[in-house]
Amino acid sequence: MLINTGIATQELIKKLIPSPERRARGPYAMVECFQEIPCNPCSTSCPFGAILPMKDINDIPTIDLDRCTGCGICAGVCPGLAIFIIDESKGDGTATVTIPYEFRPLPEKGETVRAVNRQGNIIGDGVVTRILASKKTKTPLITVQIPAELVYEVRFLNLIDDKSNSEEPSSTYQSVVTDDLSSKVLDTVEIDDTAGTENDEDEIIICRCEGLTLGVIRDLIREGYTTVDEIKRISRAGMGPCQARTCGPLIASEIARMTGQPIAEIQPSAHRPPVKPLPIEFFLGGDSE
Ligand code: SF4
Ligand code: SF4
């Protein structure tokens, strides 16, 4: 179950897969956001109005794939890293998936990387075809070419070469315009060779409800708070309306990275009801959901 594992089920993913005609037409966004959380940058950032306006900030985003050009702006601003750009239009047995990637160092264009599924398992290899970093979005987008049959599975990448000793950020950010519609947006995206420095990353908001940045979380981990629950108690991360549905997996991932533990060994924080925001009328005996 998604609520227990944080991993979307096949049933939920299948509902997002568009018609064969839309898949053949060109790139599109897969918005893998299935829980009601107080978040809406995907909707407010889309220059084509493809992610429909939300009546309530807790609404689950709805996308109109006829308007979506696959430009990737939404994927770069989603704090939950929940949006992926899929392009199956080549029809040659390969497809590309564009992945928001917050780790360093970045891969380089042309590099072979390990293709990783939602469960964290390596399921094949891919080749990096584009790296897009922008001052607007902060989160770099890595486009990876993979066998077409894996395009609904691959959601992360692992580097093969250990470049962790490299001090220099990659200087190979490249914007590749693939069609007229996307060029309208990509032309306005400023390529920033300084994106990806630790200072830049430290400004990324991890817990939107409590306004906590990645820098704050990293400082706490360095001070010895190395479980999600400890960080929750000292900082209130995960105690806001979304109840850790956005920040919990991100904090766990950062603990794993900084302490060298496998992500599977990082325990999520304890949950108590209600597991989602409820109107006060619910507790007063009025209308319930
Ligand atoms: S990929 Fe671009 S056009 Fe499609 S929903 Fe995202 S921002 Fe809008
Ligand atoms: S987590 Fe991402 S997809 Fe979900 S509402 Fe926020 S910006 Fe949109």
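Residues numbered from 1 in each chain as written. Chains lettered and ligands numbered in written order. Predicted model: local features only at pLDDT ≥ 70, side-chain atom pairs only at ≥ 80, totals over all residues. Heavy atoms only, no water.

1. Here we look at the overall build of the protein
- For the protein, the count of helices and strands is 11 helices and 9 strands.
- A total of 289 residues make up the protein; the buried ones form 44% of that total.
- Carbon and sulfur atoms make up 51% of the accessible area of the protein, which amounts to about 14,900 Å² in all. (Helix = DSSP H or I, 4+ residues; strand = E, 2+ residues; numbered from the N terminus. Buried < 20%, exposed > 50% of the residue type's maximum accessible area, 1.4 Å probe, protein only. Areas by Shrake-Rupley, 256 points an atom, 1.4 Å probe, with all protein chains shown as cover.)

2. Here's the deal with the site of ligand 2
- What surrounds ligand 2 is the set V31, C33, I37, C39, P41, C42, P61, C78, P79 and I83.
- Grouping the constituent residues of the shell around ligand 2 by class yields 10 nonpolar, no polar and no charged. (Near = heavy atom within 4 Å. Nonpolar A, V, L, I, M, F, W, Y, C, P; charged D, E, K, R; others polar.)

3. Focus on the sheet that holds strand β6 (residues 141-147)
- Taken together, 7 strands build an open sheet; the order of strands is β1-β2-β3-β6-β5-β4-β7 and the sheet is antiparallel. Looking at which strands have only one partner, the edges of the open sheet turn out to be β1 (28-31) and β7 (154-159). Neighbour-to-neighbour, the strand axes of this sheet turn through a mean angle of 40°, independent of strand direction.
- Where strand β4 (residues 112-117) lies against strand β5 (residues 122-132), 5 bridges are found, and the strand directions are antiparallel. Among the inter-strand pairings, T112 is bridged to a residue of β5, identified as V127. (Pairing = 2+ DSSP bridges. Axes fitted to C-alpha atoms, helices over the stretch in contact; angles between N-to-C directions.)

4. Comments concerning the pattern of salt bridges
- Throughout the structure, instances matching the rule amount to 11 salt bridges.
- Where E32 meets R118, a salt bridge forms, and the shortest distance between an N and an O atom there is 3.1 Å. Residue E32 is located in the loop between β1 and α4 (41-45), and its partner R118 is located in the loop between β4 and β5; the two are separated by 86 residues in the primary sequence. Of the two residues, E32 and R118, neither departs from the other in class, the shared state being buried.
- Connected through salt bridges with shared partners, the residues D202, R218, E254 and R257 form a single ionic network. (Salt bridge = Lys/Arg side-chain N within 4 Å of Asp/Glu carboxyl O.)

5. Brief notes about a nonpolar patch on the surface
- A surface patch of nonpolar side chains, amounting to about 460 Å² of accessible area, comprises I280, F282, F283 and L284.
- By the secondary structure assignment, F282 is in helix α11 (residues 280-283). (Patch = residues over 30% accessible without salt bridge, like charges linked within 9 Å, V, L, I, M, F, W, Y side chains within 5 Å.)

6. Structural notes on the site of ligand 1
- Around ligand 1 sit 15 residues, and of these C46, C68, C71, G72 and C74 come closest.
- Broken down by class, the residue content of the shell around ligand 1 amounts to 12 nonpolar, 3 polar and no charged.

7. Some points on helix α10 (residues 247-259)
- Under the 1.5 Å per step criterion, the end-to-end length of α10 is 18 Å for 13 residues, consistent within 8% with the ideal 18 Å.
- Looking at α10, one finds that the buried residues are C247, G248, L250, I251, A252, E254, I255 and A256.
- The secondary structure elements touched by the buried residues of α10 are β8 (205-207), α8 (214-222) and α9 (228-235).
- Downstream of α10 by one or two residues, G260 has phi in the positive range, about 75°. (Expected span 1.5 Å × (residues − 1). Contact = heavy atoms within 4.5 Å.)

8. Here we look at unusual backbone geometry
- In this chain, R104 is followed by P105 through a cis amide linkage whose omega measures 0°.
- Tracing the backbone through its elements, the reader meets P105 in the loop between β3 (94-100) and β4.
- One non-glycine residue, L81, adopts positive backbone phi at about 50°.
- Its location among the elements puts L81 in the loop between α5 (73-77) and β2 (83-87).
- One non-glycine residue, R236, adopts positive backbone phi at about 75°.

9. Some remarks on the nonpolar core
- In terms of nonpolar packing, the biggest core is built from 42 residues, with I83, V97, I142 and I146 touching the most fellow members.
- The set of elements that each furnish at least two residues to this core consists of β1, α5, β2, β3, β4, β5, β6 and β7.
- Ignoring any residue separated from it by four or fewer positions in sequence, one finds I146 in contact with G93, T94, A95, V97, A115, D125, G126, V151 and V154.
- Counting residues in each nonpolar core, the second largest holds 19 residues, with A237, I255, A256 and I266 among its members. (Core = buried A, V, L, I, M, F, W, Y, C linked by side-chain atoms within 4.5 Å.)

10. Notes on the side chain of R118
- According to the relative accessible area criterion, R118 is buried, its value standing at 16%.
- Separated by 3.1 Å, the side chains of R118 and E32 make a polar contact.
- A polar contact is formed between the side chain of R118 and the backbone oxygen of Y152, at a distance of 2.9 Å.
- Each residue touching R118, except ones within four places of it in the same chain, is listed here: I7, A8, I13, E32, Y152, E153 and R155. (Polar contact = N/O pair within 3.5 Å; in protein donor to acceptor, adjacent residues only side chain to side chain.)

These results come straight from atomic positions and should not be treated as a statement about function.
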